[in-house]
Amino acid sequence: MMNTETSQILEEAALPLPPLPVPTEIRMVKTQLFAEVAMDSPGLDEPLTYLVPPELTELVRPGQLVWGPLKKGRAQGIIVTLHHHAPSASVTPRALADIVDVTPALLSYQIDLAQRLATYYYTSLYEAASLMLPAGLTRMARSAKPTLVLNPILFAAAETTDLAGDALFLLPLLRGRLEKHLAAQTDGEESDPEFLLAELEEEFTAWRGKAAWVRAVDNLVQTGLARRSFLLPRPGVRPKLKPFVRLAPWLFEDGQDVGATISKKLGRATKQKRIFEYLQAELEPGYLMPVDEICLAAECVAADLKKLAAKGLLEIEEREVRRDPLANRPQRARAEDAPLLTYKQAQVWRTLFDTLNRPEPCVFLLHGVTGSGKTEIYLRAIAKVLREGKQAIVLVPEIALTAQTIDRFAARFPGRIAVRHSKLSPGEAYDEWRRVRDGQAQIVIGARSAVFSPLPNPGVIIIDEEHEWSYKQEEKNSGPLYHTRYVAEQLAQLTGAKIILGSATPAVESFYRAQSGDYSLLELPERVSPTFAANPGAKAQSLPLPPVQLIDLRQELKAGNSSIFSRDLRQQLKVTLDDHRQAILFLNRRGTATTVMCRDCGYVEVCPSCETPLVWHADLEKLICHRCGKRSPPLHRCPNCESERIRHLGIGTKRVEDEVIKLFPQARILRWDQDTVSEGGRDTYQILFDKMAQHEADILVGTQMIAKGLDLPMVALVGVVTADTGLYLPDFRACERTFQVLTQVAGRAGRRADITTPARVIMQSYTPDQYAIQAAAHHSYAEFYAQEIVFRREHAYPPFSKLIKFVFQNTNEQKAKVTADSLAFELKTALLENDITEEQVDFIGPAPAFQRKLRDNYRYHFIVRIRVADNAHDEAALERKIRRVVAGFRYQRLRGWTIDVDPQSVL
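Every value quoted in this text rests on a predicted model; they were computed, and no experiment measured them. (Residues numbered from 1 in each chain as written. Predicted model: local features only at pLDDT ≥ 70, side-chain atom pairs only at ≥ 80, totals over all residues. Heavy atoms only, no water.)

## A closer look at the pattern of salt bridges
Here's step 1: A complete count under the given rule lists 40 salt bridges for this structure.
Here's step 2: Here R637 makes a salt bridge to E644, at a shortest N to O gap of 2.7 Å.
Here's step 3: The class for R637 is partly exposed, based on a relative accessible area of 41%.
Here's step 4: Across the pair D698 and R668 runs a salt bridge whose closest N-O atoms are separated by 3.0 Å. (Salt bridge = Lys/Arg side-chain N within 4 Å of Asp/Glu carboxyl O. Buried < 20%, exposed > 50% of the residue type's maximum accessible area, 1.4 Å probe, protein only.)

## Overview of the packing of aromatic side chains
What characterises a pair of aromatic rings is the spacing of the ring centres plus the angle enclosed by the ring planes.
Here's step 1: Applying the stated criterion to the full structure yields 22 aromatic pairs.
Here's step 2: A ring pair is formed by Y120 and Y486, whose centres lie 4.0 Å apart and whose planes are at 15 degrees; its orientation type is stacked. Taken together, the residues Y120 in helix α3 (residues 108-120) and Y486 in helix α17 (residues 484-495) connect sequence positions 366 residues apart.
Here's step 3: Residue classification places Y486 among the buried positions, given a relative accessible area of 16%.
Here's step 4: Relative to F353, the ring of W349 has its centre 5.7 Å away and its plane inclined at 65 degrees; by these criteria the two rings are edge-to-face. On the criterion of helical spacing, the pair formed by W349 and F353 is a turn pair, its members being 4 residues apart in helix α13 (residues 343-356).
Here's step 5: With a relative accessible area of 13%, W349 lands in the buried category.
Here's step 6: Here K384 stacks its cationic end above the ring of F353, 4.4 Å away from the centre of that ring.
Here's step 7: Its end group placed over the ring of Y797, R865 keeps NZ or CZ at 5.4 Å from the ring centre. (Phe/Tyr/Trp six-rings, centres within 6.5 Å; stacked < 30°, edge-to-face > 60°. Helix = DSSP H or I, 4+ residues; strand = E, 2+ residues; numbered from the N terminus. Lys NZ or Arg CZ within 6 Å of the ring centre and 35° of its normal.)

## Observations regarding unusual backbone geometry
Glycine aside, a negative phi is what most residues show, and trans is what most peptide bonds show.
Here's step 1: Of note, the amide linkage connecting P798 to P799 takes the cis form, showing an omega dihedral of 15 degrees.
Here's step 2: Turning to its location among the elements, P799 is positioned in the loop between α26 (781-795) and β32 (801-810).
Here's step 3: Of the consecutive residues G845 and P846, the connecting peptide bond is found in the cis state with omega at 10 degrees.
Here's step 4: Within the element layout of this structure, P846 appears in strand β33 (residues 841-854).
Here's step 5: Here the phi dihedral of E611 falls at roughly 60 degrees; this positive angle occurs in a residue that is not glycine.
Here's step 6: Under the relative-accessibility criterion, E611 is labelled partly exposed at 34%.
Here's step 7: A positive phi angle, close to 55 degrees, is found at H779, a residue other than glycine.
Here's step 8: If you trace the backbone, H779 turns up in the loop between α25 (771-777) and α26.

## Some details on the sheet that holds strand β35 (residues 897-901)
Here's step 1: Within the open sheet, the 4 strands sit side by side as β33-β34-β32-β35. Their pairing is antiparallel. Strands with a single pairing partner mark the edges of an open sheet, and in this sheet they are β33 and β35. Neighbour-to-neighbour, the strand axes of this sheet turn through a mean angle of 20 degrees, independent of strand direction.
Here's step 2: The pairing of β32 with β35 spans 5 bridges and is classified as antiparallel. (Pairing = 2+ DSSP bridges. Axes fitted to C-alpha atoms, helices over the stretch in contact; angles between N-to-C directions.)

## A closer look at the confidence of the model for the chain
Here's step 1: Mean pLDDT over the chain stands at 83; residues scoring 70 or higher make up 87%.
Here's step 2: With pLDDT under 50 throughout, residues 1-29 is counted as low confidence; its partners more than four residues away or in other chains account for 8 contacts. (pLDDT = per-residue confidence, 0-100. Contact = heavy atoms within 4.5 Å.)

## A closer look at helix α28 (residues 872-888)
Here's step 1: Its 17 residues give α28 an end-to-end C-alpha distance of 24 Å, which sits within 8% of 24 Å, the value for a rise of 1.5 Å per residue.
Here's step 2: Residues E875, L878, E879, I882, R883, V885 and V886 constitute the buried set of α28. All buried residues of α28 lie within an arc of 165 degrees about the axis, which places them on one face of the element. Along α28, the residues that are exposed and aim more than 90 degrees away from the buried face are H873 and R884.
Here's step 3: Capping of α28 at its N-terminal end is provided by N871; its side-chain oxygen lies 3.1 Å from the backbone amide nitrogen of H873. (Expected span 1.5 Å × (residues − 1). Arc of directions from axis to C-beta. Polar contact = N/O pair within 3.5 Å; in protein donor to acceptor, adjacent residues only side chain to side chain.)

## Some remarks on the nonpolar core
Note on soluble globular proteins: their nonpolar side chains tend to be buried together.
Here's step 1: One finds L117, F452, W672, F806, L827, F862 and V864 to be the most contacted residues of the largest nonpolar core, which totals 130 residues.
Here's step 2: Other than its neighbours up to four places away in sequence, W672 contacts A400, V677, Y685, L688, F689, L700, V701, G702, T703, M705, I706 and L710.
Here's step 3: Residues I382, I406, I417 and V419 belong to the second largest nonpolar core, which totals 29 residues. (Core = buried A, V, L, I, M, F, W, Y, C linked by side-chain atoms within 4.5 Å.)

## Section: the sheet that holds strand β25 (residues 622-624)
Here's step 1: Ordered by their spatial adjacency, 3 strands build an open sheet running β24-β25-β26, and the pairing between neighbours is antiparallel. A single partner strand is all that each edge strand has here, and the edge strands are β24 (615-617) and β26 (631-632).
Here's step 2: Inspection of the sheet shows β25 paired to β26 by 2 bridges, in the antiparallel sense. Within β26, the residue paired with I624 across the bridge is R631.

## Section: a nonpolar patch on the surface
Here's step 1: On the surface, L168, F169 and W207 cluster together to form a nonpolar patch covering roughly 300 Å² of accessible area.
Here's step 2: Of note, W207 is situated in helix α7 (residues 197-208). (Patch = residues over 30% accessible without salt bridge, like charges linked within 9 Å, V, L, I, M, F, W, Y side chains within 5 Å. Areas by Shrake-Rupley, 256 points an atom, 1.4 Å probe, with all protein chains shown as cover.)

## A word on the pairing of strand β13 (residues 391-395)
Here's step 1: Counted residue by residue, β13 has 5 buried out of 5 residues, so it is predominantly covered.
Here's step 2: Side-chain alternation along β13 places Q391, I393 and L395 on one buried face and A392 and V394 on a second face that is also buried.
Here's step 3: Direction of pairing for β13 relative to strand β16 (residues 458-464): parallel, over a ladder of 5 bridges. Among the inter-strand pairings, L395 is bridged to a residue of β16, identified as I463.

## A few points about the side chain of T405
Here's step 1: Tracing the backbone shows T405 in helix α15 (residues 399-412).
Here's step 2: For T405, a relative accessible area of 14% puts it in the buried group.
Here's step 3: Leaving out residues up to four positions away in the same chain, T405 has contacts with V394, V396 and I445.

Listed below in structure tokens is the structure:
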């Protein structure tokens, strides 16, 4: 309390007395809550601010999927942050409409990861964040349907004189709908009647017209009798519920089993009696059994069970069931203990073990020859992080390799694995994603997108065959064109996880970073026989890499051999079959003939949508475009000169298969390429692998799909039909890819010590002296890298530069060309105006893309090449400048463009 003197002074000064102290809980005023939301709407790169309505205040969390209003409807978004800072007084934020799911879809570090990816790949925050959601969980804004919600109290008491003429005509229609709505409501159900605007409009405008409809709805809204809203769709996927049955608990009360009495009372209902007695025999008190299993075993239908439930004898309830992608797949690998390591493996593991104990992120490049035991290192790293309460991600480049990897890892870590790849059904993908998010699986195995799995505390990220270009997203309609390696590095920085990049043929950029000290280099130079894994106490055995024989096809032609197989390859195929071993024939082209040509005028049949030669598939009797998939009937007469002298040129895997059948009709042959996989369904990968692994086939003919990762113990011969395929494409990575695929496919031979037939590799080539082919024949990455890095340095290609590819396509070729020329000029000018010199950044193009026409669109592109600076600080500053310039073009000039940062192909 104030003393008398102070009170008197304040009264004389005519000042109000200060308020008495108020308890804290009374003074507290609940402030408004605002959400920054990344919205699913074109052109919205930055989050929008929304007011969180009071009824959602206690429910909202960062990372949740929500619905929010936009100018022309509703869209789905992801909450990025929550705060109490109101926008400026001139802006009144709109309120969130609803929450899609109370459980956040994104973890906190995933929100940060999405922001980094959005910045690096010039995309919206929502597009980046949606990479981390399972297919079907998101819905586009167009899925929200406009509705009209009536206020039933005001509407019932409304005076028609308050409404304009058009609204009066709408009243009978709405009253009829309202009566039906109220009649359909169940006891205790209260909801404002909501009707689709499209249905009301169709009925109203049939007799009053469009203008009258607009005036009528506006009048209803202005008088408060109705409000506009949207019917928000449910997510495309949700948990699967399945009905289960249990015997009613009262049947077992007081320890008495009254089943016999009940059976007598059901005597006349023989079918119900039979079902009840079956359940009595099979179900313990309180136990549940799926309805479909009961129906199958008891030869009944669900309606029969409902009749028993109506009599109080059964209880039926729905429970969530997991859609397990591995449910019908047998366990192909037995449980095993960790085997003894070789000396080299032990050295690598000791280095890795010590670093895994450190908190800071680290990237290891595990360079091991094919069959050197890299997988065992992966398994031990995972075991270590699991013991620490963390989780692991294991990435493979092909879905075909997922099944084999799962077998090996499930044998070591049973029941702890989730699978994620694009061949899963939406329901399976959703259930696996939730298992990971909810902590029910500690190891995620999958292809590229599995890197976005919502693991609570990732400890290690393993990227096997890290050199593979399939780790780069290249389909624009699937979101940002990210590279898995970059995503993993950002993820590691945010979570402290360690990264292991494994490969026998690392990407040139990766090996350069290892040489520069950015990565820690670990090497396994010796091949190891895995036979010792069956006996953990046995001594590990080293295996030699298979010798490679180079065949000059030019000399074969001079010797009069025009077959696709050299004399040595034919002979070795015969020896392999006679010894009851297996062979792989590799050709990175599918189909029977790659070109169909008229021998008289030279006409070549091309795809009208893509302008690429159509490929002849004899087994389908179709000409197929390998770009867009368009199919055409066979060509019997030249459309240009009417000649019937049509010739099929070039070879593909189908032609190889046909030739092998002619030479060895008794051999069991499999073909593994995109055609056989697409036609056979999602399990084709596993079926083909099992047939080879179980020696149900003698010869495997395939493309690059078989070149990596497959561990087939009986393969004693690998034949490369043409080693030059793709070598001379106008892409600076052409030699690297040729070396990688040849080395990888050669590594499929001789992977066991107990094979009596000496393994060997035969490579056929028209240019056997080319350095990539020579290095592959010597199994020497060092030999290849020494020459390739000189070429990259001389021509300022990565790792000595960074590339950004800009692609524009249009059905009008002239417009595509002019647009590309214009943007390139404007971008050059803007860079110069920002003090970025031509020595720092130069342009390649604009020019037509190598695939000039694709799916009826003409494609023009140019590449911005950024030279790597001498030090990291200058390099980072230069990249920030360039990023600001390019970002400034996004809204005005880059609509319709595809921006590919760090492209893996410049074709």
